[in-house]
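Structural features, examined
One-letter residues, chain by chain:
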Amino acid sequence: MAVSMRAAVVVRAEARREVLAGFVAAGAALLSVGQAQAVTPVDLFDDRKVRNNGFDIIYEARDLDIPQAERDGMTQARADIEATKKRVKDSEARIDNSVATSIEKAYWTEAREELRRQMGTLRFDLNTLASAKTGKEEKKAALALRKDFIRSVEELDLAMRKKDKDSALAKLAVAKANLDSVIAKVL
């Protein structure tokens, strides 16, 4: 009789486990059904155009399979000549207005910073526009004018560092004339 009691106890324990497992499975199923029902519909967006315009640049900068010039954004900036021309015109306007005004007011730090900011883009953009020329002589002439412009800007920067207002204004006029000649050649 002792054996049969044990068997009955074992059967009861297995039955309890099965019932408990059934309740747990039913509870999980009920919870998962509630989660599967979305409160709002899923919105899908077509971001191919945004990605083509440079949304993934941060990820491209880290991708070692892409050439360095493309990771730095150099090829993208050189590809759009119209945007380069617009940047050159904007830099010219800033040099004509902001730098001249700052020199006249003797705001030397502001004038130097603005000039250096514009030169950062102008060096690159003028080189891009000069290299876009078709003839070898045209490229050579444009690069020579660019070099003269950069030299005149360096002399202007030195005059601003010395805080010589008259010299800075005179060298600004030379730098503007050189910039105008370069722009006339490359545009």
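Structural notes, computed from the coordinates. (Residues numbered from 1 in each chain as written. Predicted model: local features only at pLDDT ≥ 70, side-chain atom pairs only at ≥ 80, totals over all residues. Heavy atoms only, no water.)

**As for the overall build of the chain**
- From N to C terminus, the chain includes nine helices and zero strands.
- Along its sequence from the N terminus, the chain presents helices and strands in the succession α-α-α-α-α-α-α-α-α.
- Put simply, the chain has 187 residues, and 24% of those count as buried.
- Of all intrachain contacts in the chain linking residues separated by at least 6 positions in sequence, the fraction that spans at least 24 positions is 67%.
- Put simply, the chain shows about 13,400 Å² of open surface, and 56% of that area lies on carbon and sulfur atoms. (Helix = DSSP H or I, 4+ residues; strand = E, 2+ residues; numbered from the N terminus. Buried < 20%, exposed > 50% of the residue type's maximum accessible area, 1.4 Å probe, protein only. Contact = heavy atoms within 4.5 Å. Areas by Shrake-Rupley, 256 points an atom, 1.4 Å probe, with all protein chains shown as cover.)

**So, the nonpolar core**
- The biggest cluster of nonpolar side chains holds 27 residues, and the ones touching the most others in it are Ile103, Leu115, Leu122, Leu126, Phe149, Leu156 and Met160.
- Elements represented by at least two residues in this core include exactly helix H6 (81-104), helix H7 (108-131), helix H8 (136-161) and helix H9 (165-186).
- Top element by residues in this core is H7. It accounts for eight residues.
- Residues within four places of Leu156 in sequence aside, it is in contact with Ile103, Leu115, Ala168, Lys171, Leu172 and Ala175. (Core = buried A, V, L, I, M, F, W, Y, C linked by side-chain atoms within 4.5 Å.)

**Considerations on unusual backbone geometry**
- The phi angle at Ala106 is positive, at roughly 65°, despite the residue not being glycine.
- The residue Ala106 is located in the loop between H6 and H7 in this model.
- Relative accessible area serves as the criterion here: at 35%, Ala106 is assigned to the partly exposed category.
- The phi dihedral of Lys163 falls on the positive side, at around 60°, and the residue is not glycine.
- Its place among the elements puts Lys163 in the loop between H8 and H9.
- Residue classification places Lys163 among the exposed positions, given a relative accessible area of 53%.

Nothing here speaks to function; it is geometry throughout.
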